[in-house]
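# Descriptive structure summary
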Amino acid sequence: QVQLVESGGGLVQPGGSLRLSCAASGNIFSINTMGWYRQAPGKQRELVATITSGGSTNYADSVKGRFTISRDNAKKSVYLQMNSLKPEDTAVYYCNAGVVPTDQLFDRPYWGQGTQVTVSS
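The notes below deal with the structure included here. Note that the coordinates shown come from a computational prediction; the quantities given were computed from them, not determined experimentally. (Residues numbered from 1 in each chain as written. Predicted model: local features only at pLDDT ≥ 70, side-chain atom pairs only at ≥ 80, totals over all residues. Heavy atoms only, no water.)

## Comments concerning the sheet that holds strand β3 (residues 18–26)
On the basis of which strands lie adjacent, the open sheet formed by four strands has the order β1-β3-β8-β7 and antiparallel pairing. Of all strands in the sheet, those bounded by a partner on one side alone are β1 (2–7) and β7 (67–72). Sheet twist, expressed as the average angle between the axes of neighbouring strands with direction ignored, equals 15°. With six bridges joining them, β7 and strand β8 (residues 77–82) adopt antiparallel strand pairing. Paired with aspartate 72 across the strands is serine 77, a residue of β8. (Pairing = 2+ DSSP bridges. Helix = DSSP H or I, 4+ residues; strand = E, 2+ residues; numbered from the N terminus. Axes fitted to C-alpha atoms, helices over the stretch in contact; angles between N-to-C directions.)

This is the structure:
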């Protein structure tokens, strides 16, 4: 089994910072692209940022210049540094990873359970 476990969410004032972490565990052969998505109440889940195994990154326009995604391949982990947070960043943030399990040939998407980020004064 493969699991993704997120941590680091919470309540922060506008302009503040948070760092989200996500660690993958289980029967993992390799991990391809990892990323963060978010879902605000009444809205669809949307992409926040992704990072390939080689370190290439992609960001939603709404977070460019404020958020930074990174990963530690040895720790099977991905991180999201969020600065200059705005109330509209409030959402449940989900970790996603394309994982090749040890008993399979191709990767498939796995999701974490989500962590709440609330930006409010």
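## Looking at the state of the cysteines
Enumeration according to the criterion identifies one disulfide in this entry. Each sulfur in the disulfide pair cysteine 22 and cysteine 95 lies 2.1 Å from the other. Since a negative S-S torsion denotes a left-handed disulfide, the cysteine 22-cysteine 95 link at about -80° is left-handed. Taken together, the residues cysteine 22 in strand β3 and cysteine 95 in strand β9 (residues 91–101) connect sequence positions 73 residues apart. Cysteine 95 matches cysteine 22 in its accessibility class, with the two residues each being buried. (Disulfide = S-S within 2.5 Å. Buried < 20%, exposed > 50% of the residue type's maximum accessible area, 1.4 Å probe, protein only.)

## Examining the nonpolar core
Membership of the largest hydrophobic core comes to 32 residues, with the highest contact counts inside it found for Trp36, Leu80, Met82 and Tyr93. Mapped onto this core, the elements with two or more residues apiece are β1, β3, β4 (28–39), β5 (46–51), β7, β8, β9 and β11 (115–119). Broken down by element, the residue count for this core peaks at five residues, all from β9. (Core = buried A, V, L, I, M, F, W, Y, C linked by side-chain atoms within 4.5 Å.)

## So, the pattern of salt bridges
When the charged atoms of two side chains with opposite charge come close together, those side chains can pair. Going through the model one piece at a time under the given rule, you end up with four salt bridges. Across the pair aspartate 61 and lysine 64 runs a salt bridge, and its minimum N-O distance is 3.1 Å. Residue lysine 64 is classed as partly exposed on the basis of its relative accessible area, which comes to 49%. One salt bridge connects aspartate 89 with arginine 66, and the closest N-O pair in it is separated by 2.8 Å. Here arginine 66 lies in the loop between β6 (57–59) and β7 and aspartate 89 lies in the loop between β8 and β9, a separation of 23 residues in the sequence. Accessibility classification places aspartate 89 together with arginine 66 in one group, the buried group. If you follow the salt bridges from partner to partner, you end up with Arg38, Glu46, Arg66 and Asp89 in one network. (Salt bridge = Lys/Arg side-chain N within 4 Å of Asp/Glu carboxyl O.)

## A short note on the packing of aromatic side chains
Applying the stated criterion across every chain, the model contains one aromatic pair. Look at tyrosine 37 and tryptophan 111: their rings are 5.1 Å apart centre to centre, the planes differ by 65°, and that puts the pair in the edge-to-face class. Placement of the pair is tyrosine 37 in strand β4 and tryptophan 111 in strand β10 (residues 108–111), with a sequence separation of 74 residues. Against the face of tyrosine 94 rests arginine 45, its NZ or CZ located 3.7 Å from the ring centre. (Phe/Tyr/Trp six-rings, centres within 6.5 Å; stacked < 30°, edge-to-face > 60°. Lys NZ or Arg CZ within 6 Å of the ring centre and 35° of its normal.)

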